[in-house]
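# Coordinate analysis (summary)
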Amino acid sequence: MAQEQSITTEDIARYYPFASPEEKVVIDSLFSDFVEKQKAVQVTSICGVPFGASRLEAGRVLRNKFGEPHYLSDDTHII
């Protein structure tokens, strides 16, 4: 009996750049459920500070959450 080969996600990733637009639509639809599940658990912030926030915005959020900061002697590290 012949051994059945399975296609891996790595195989698909290597093939994707060369796929036709129609093939890309099919490939994308195969992974849409997976992508949605991953987006639902994706980390977008730390301690309430969204990724990409300015230092000023991050400072405001952290001050509201934890109180006034205490600086180390070099004035760049907040504890």
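A brief look at the structure comes next. (Residues numbered from 1 in each chain as written. Predicted model: local features only at pLDDT ≥ 70, side-chain atom pairs only at ≥ 80, totals over all residues. Heavy atoms only, no water.)

## Topic: the environment of Gln 5
Positionally, Gln 5 belongs in the segment before α1 (9-15). Separated by 39 residues in sequence, Gln 5 and Thr 44 have C-alpha atoms that sit 38 Å apart. (Helix = DSSP H or I, 4+ residues; strand = E, 2+ residues; numbered from the N terminus.)

## What about the environment of Pro 50?
With respect to the element layout, Pro 50 can be found in strand β2 (residues 49-50). Pro 50 gets classed as partly exposed once you look at its relative accessible area, which sits at 40%. Sequence separation of Pro 50 and Val 61 is 11 residues, and the distance between their C-alpha atoms is 9.6 Å. (Buried < 20%, exposed > 50% of the residue type's maximum accessible area, 1.4 Å probe, protein only.)

## Description of the pattern of salt bridges
Enumeration over the complete set of coordinates arrives at 2 salt bridges. Arg 14 is the salt-bridge partner of Asp 11, the closest N and O atoms lying 2.6 Å from each other. Taken as a pair, Asp 11 and Arg 14 lie in helix α1 at a separation of 3 residues, close to a single helical turn. Among the ionic pairs, Arg 60 bridges to Glu 57, the shortest N-O distance being 2.7 Å. Taken together, the residues span about one helical turn, with Arg 60 and Glu 57 both in helix α3 (residues 55-66) at a distance of 3 residues. Take Glu 57: its relative accessible area is 31%, and that puts it in the partly exposed class. (Salt bridge = Lys/Arg side-chain N within 4 Å of Asp/Glu carboxyl O.)

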